[in-house]
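Results of the structural survey
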Amino acid sequence: MCKHSLTGMKNIGNSCYMNAALQALSNCPPLTQFFLDCSGLVRTDKKPALCKSYQKLISELWHKKRPSYVVPTSLSQGIKLVNPMFRGYAQQDTQEFLRCLMDQLHEELKEPLSECGGGGEGDERRDGGDRSPSEDEFLSCDSGASSDRGEGGGLGEPELLIQDECGPRVGGGGTGTGRGVGKGGPISEKERLKEKRVFGSPLHGAQLFLGAKKQKQSRYRSIISDIFDGSILSLVQCLTCDRVSCVSLETFQDLSLPIPGKEDLAKLHSSIHQNLPAKTGVSLDVYGSQGWITYIMDSIRRFVVSCIPSWFWGPMVTLEDCLAAFFAADELKGDNMYSCERCKKLRNGVKYCKVLRLPEILCIHLKRFRHEVMYSFKINSHVAFPLEGLELRPFLAKDSPSQITTYDLLSVICHHGTAGSGHYIAYCQNVINGQWYEFDDQYVTEVHETVVQNAEAYVLFYRKSSEESVRERQKVVALASMKEPSLLQFYISREWLNKFNTFTEPGPISNHTFLCQHGGIAPNKYHYIDDLVVILPQNVWEYLYNSFGGGPAVNHLYVCAICQVELEALAKRRKVEIDTFIRLNKEFQVEEAPTVILCISMQWFREWESFVKGKDDEPPGPIDNSKIVVMKGGHKQLKQGADYGQISEETWQYLLGIYSGGPEIAVRQTVPATDTDSLHGERKIEAETRAL
């Protein structure tokens, strides 16, 4: 029996929360295959270079000569540098660790989206949000329709080990502290939407997507956002005129689902049995899409469970129940009435949300831990979840671009014990042989799927399922094996080819991961271009291009002369700015009694410093002192406790001339001097800028 990646991880001091999370991620083929096959893209200048530590770990886990277990010391040290919460040897929450790890991987691997149409999802989760064309349609949506319409480890060639069970590949070459997890247990109508864990702003209207800063910061994507990011559309419907208004569009990396209590289950099931419209409850489609046999069997199961006292068994809850509770509508009435723009007055309404874009891998977090002022407790209710065929179409927005809505389980993380003590393990399906395994720190054991189904799930990873994508890969492999003579050979992005091999919906071909906007190779990428491209014969390229579109076609690789000139000009600009700042700042330091000292936001200054030092490709934008100023008596004053630095008037004028912005804030104005000795006796004020 094949035992690839059946490698445990040593517990290095209450680190089971980390080990379980890493094993679950390791068994997500799109992510693991990226780190094995696309090593040329795992590059970063950002500390602590967690992506390189993760790549080394994945290479060790999937290598032929791997040991029975590995020690993830490097990654553990890196995550402690990123977030002090993980320092020491206290048990932590595995979901907190997952979010922190994936956020940092995204930050280190993110690349700007090409203006020529580079693919990939945007960075709204962390940087403000790129939107697909379908999402743009909802920014000012207003409908009169009802809601019913509505660096490798140096071990050598680990990529040859992992083969996706979904088809052949082409071009291969702890304690449940629950911090940040949110509330759990019984949920109220008012709490449902409030508890939704999304990356984004509160519901303040569609205008929140149109800010200049957000647009500037949204042009990034990474393999993390490509795989795990989805988007949710929040809507409000007037119950008088049926007008549907868009409230917000938010990106999520995982869905944090409440576990409904007995009363909430009764409301959900009552809505289903009474076949109420979607705007006042949960649609019957939750079950209808899975067939009437499933619905009847589910009803029988619920009847059997209802005959057993709740104190013995507790309410039977399914993952579909948790999803239905998450997406259930909130009534807007009484003090929370909706101000309808069409009716021009307060009206009763409903607020609900739909999924606009489904992620390739769906991460679901069940809110098992609840924290009160004086104590915490864990919800031990068993939540039944499917190993195959999780259907999300009932929760999809009408105009969603997502075509595939069915998911199969990849891995599940479980917590054993109570809030404040316990142990984490993971159950993962091996992508090679299809068997399920229990990962308990350094011990790996094969288990039957019924063991997985009976597990007390805490975090689940589901992957899109599609037979069509398997057939597509088989066709391409067959074309490649024909070895037809070809007059032309085509270069294609290795990263996109990895998506084709592991994604069910890879999207259009995007060669802009190695091309610049002028169609050549960016000078800073040319020295490792072999890591970024794969050569395809003409028949394979034509099939992929006709099937997925995109491009552009590339038959010749060359360094872009335009980018070379721009790069040299950028280097010259950076040198001039940093040299000028150092000179002006030295002059400022030797002044005995500067007549004026101006303040500058350290947040903006750090962005400028990253730019002139070459750590960031984009200049920082206008000087923004708005966060360090406060208005008092009609005058601008420095905010108490503000994060600012002191610079000379000459330095301020120099930076202002390049970047504009403001406002200008002075901390010391000209003071008439009569006593020379007293002036020399004053305390010298120095700029709070770092040495460059």
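Residues numbered from 1 in each chain as written. Predicted model: local features only at pLDDT ≥ 70, side-chain atom pairs only at ≥ 80, totals over all residues. Heavy atoms only, no water.

Take the overall build of the protein chain next. Along its length, the protein chain carries 22 helices and 34 strands. Sorting the 692 residues of the protein chain into buried and exposed places 51% on the buried side. Surface accessibility of the protein chain: about 31,300 Å² in total, with carbon and sulfur atoms responsible for 52%. (Helix = DSSP H or I, 4+ residues; strand = E, 2+ residues; numbered from the N terminus. Buried < 20%, exposed > 50% of the residue type's maximum accessible area, 1.4 Å probe, protein only. Areas by Shrake-Rupley, 256 points an atom, 1.4 Å probe, with all protein chains shown as cover.)

A separate point is the packing of helix H19 (residues 561–590) against helix H20 (residues 602–612). Remark: H19 packs on H20, axes separated minimally by 9 Å, with the N-to-C direction vectors making an angle of 130 degrees. Considering their axes alone, H19 and H20 lie oblique with respect to each other. Along the contact surface, H19 presents Leu-570, Arg-573, Arg-574, Glu-577, Ile-578 and Phe-581, while H20 presents Phe-605, Trp-608, Phe-611 and Val-612. Classifying every residue of the contact of H19 with H20 gives seven nonpolar, no polar and three charged. (Axes fitted to C-alpha atoms, helices over the stretch in contact; angles between N-to-C directions. Parallel < 35°, antiparallel > 145°, perpendicular 65-115°, else oblique. Contact = heavy atoms within 4.5 Å. Nonpolar A, V, L, I, M, F, W, Y, C, P; charged D, E, K, R; others polar.)

All right, on to the pattern of salt bridges then. Taken as a whole and judged by the stated rule, the model has 17 salt bridges. When the shortest N-O distance is used, the salt bridge between Asp-254 and Arg-99 registers 3.2 Å. Of the charged contacts, one joins Arg-471 and Glu-468 as a salt bridge, the two residues approaching to 2.9 Å between their closest N and O atoms. Of this pair, Arg-471 and Glu-468 both sit in helix H16 (residues 467–482), three residues apart, which is roughly one turn of that helix. Taking relative accessible area as the criterion, Glu-468 reaches 38% and is therefore assigned partly exposed. Each of Arg-221, Asp-226, Glu-495 and Lys-499 takes part in one network of salt bridges that share partners. (Salt bridge = Lys/Arg side-chain N within 4 Å of Asp/Glu carboxyl O.)

Now for the nonpolar core. Phe-97, Ile-413, Phe-461 and Phe-514 are the most contacted members of the largest nonpolar core, which totals 65 residues. At eight residues, the largest contribution of residues to this core is made by helix H1 (residues 16–26). Among the nonpolar cores identified, the runner-up in size contains 39 residues, and Leu-319, Leu-362, Leu-390 and Leu-392 belong to it. (Core = buried A, V, L, I, M, F, W, Y, C linked by side-chain atoms within 4.5 Å.)

For the structure shown, the criterion picks out 19 aromatic pairs. Residues Phe-228 and Phe-461 carry aromatic rings whose centres are separated by 6.4 Å and whose planes lie at 75 degrees to one another, so their mutual orientation is edge-to-face. You can see Phe-228 sitting in helix H10 (residues 223–228) and its partner Phe-461 sitting in strand S23 (residues 457–464), a full 233 residues away along the chain. The two residues Phe-228 and Phe-461 agree in class, both being buried. Geometrically, the ring pair formed by Trp-541 and Tyr-545 is stacked, given 5.8 Å between the ring centres and 20 degrees between the ring planes. In this pair, Trp-541 and Tyr-545 both sit in helix H18 (residues 538–548), four residues apart, roughly one turn of the helix. The partly exposed category is assigned to Tyr-545, whose relative accessible area is 39%. (Phe/Tyr/Trp six-rings, centres within 6.5 Å; stacked < 30°, edge-to-face > 60°.)

Moving on, we come to the environment of Leu-319. One can find Leu-319 in helix H14 (residues 319–327). Sequence separation between Leu-319 and Leu-366 is 47 residues; the distance between their C-alpha atoms is 9.0 Å. Non-local contacts of Leu-319, meaning those with residues more than four positions away in its chain, are made with Leu-257, Ile-364, Leu-366, Val-383, Ala-384, Phe-385, Pro-386, Leu-390 and Tyr-462.

Secondary-structure assignment places Thr-7 in the segment before strand S1 (8–9). Taking relative accessible area as the criterion, Thr-7 reaches 0% and is therefore assigned buried. Beyond its immediate chain neighbours, meaning those up to four positions away, Thr-7 contacts Gln-23, Leu-61, Arg-66, Pro-67, Ser-68, Tyr-69, Val-70, Phe-439 and Val-444.

Take the environment of Phe-369 next. Looking at the secondary structure, you find Phe-369 in strand S15 (residues 369–371). What makes Phe-369 buried here is its relative accessible area of 0%. In sequence terms Phe-369 and Tyr-458 are 89 residues apart; their C-alpha atoms lie 9.8 Å from each other.

Residues Val-373, Met-374 and Tyr-375 make up a contiguous nonpolar surface patch of about 440 Å² in total accessible area. Note that Met-374 resides in the loop between S15 and strand S16 (376–378). According to the relative accessible area criterion, Met-374 is exposed, its value standing at 74%. (Patch = residues over 30% accessible without salt bridge, like charges linked within 9 Å, V, L, I, M, F, W, Y side chains within 5 Å.)

Two elements, strand S21 (residues 436–440) and strand S22 (residues 443–447), share five bridges in a ladder whose sense is antiparallel. Across the sheet, the residue bridging to Tyr-437 is Glu-446, located in S22. Hairpin connection, S21 to S22: the antiparallel pair is bridged by two residues, and Asp-441 has positive phi, about 55 degrees. (Pairing = 2+ DSSP bridges.)

Next up on the list: the confidence of the model for the protein chain. Here the protein chain averages 78 in pLDDT, while 74% of its residues score no lower than 70. Segment residues 117–166: pLDDT under 50, and 160 contacts once partners within four positions in sequence are set aside and those in other chains are kept. The low-confidence segment residues 674–692 (pLDDT under 50) makes 32 contacts with residues lying over four places distant or belonging to another chain. (pLDDT = per-residue confidence, 0-100.)

Those residues of H18 not exposed but buried are Asn-539, Val-540, Trp-541, Tyr-543 and Leu-544. On the buried face of H18, the contacting elements are H16, strand S24 (489–493), helix H17 (494–502), strand S25 (509–510), strand S26 (533–537) and strand S27 (550–551). Backbone geometry just after H18 places Gly-549 at a positive phi near 70 degrees.

Now for the side chain of Glu-108. Take Glu-108: it is sitting in helix H5 (residues 94–109). Despite its burial, Glu-108 pairs with no opposite charge, the nearest such side chain being Lys-46 at 8.3 Å. Not counting residues within four places of it along the chain, the set of residues in contact with Glu-108 comprises Arg-43, Thr-44, Lys-46, Lys-47, Pro-48, Ala-49, Leu-50 and Cys-51. (Lys, Arg positive; Asp, Glu negative; His and termini not counted.)

The omega angle of the peptide bond from Lys-47 to Pro-48 is 5 degrees, so this bond is cis rather than trans. If you trace the backbone, Pro-48 turns up in the loop between helix H2 (29–37) and helix H3 (50–61). Looking along the chain, the bond that leaves Gly-662 and enters Pro-663 is cis, with omega of -5 degrees. Note on placement: Pro-663 falls in the loop between strand S33 (661–662) and strand S34 (666–668). The backbone of Ala-49 shows a phi angle near 55 degrees, a positive value even though the residue is not glycine. By secondary structure assignment, the location of Ala-49 is in the loop between H2 and H3. A residue is classified by how much of its surface remains accessible, and Ala-49, at 16% relative accessible area, is buried. Phi is positive for Lys-344, close to 65 degrees, though the residue is something other than glycine.

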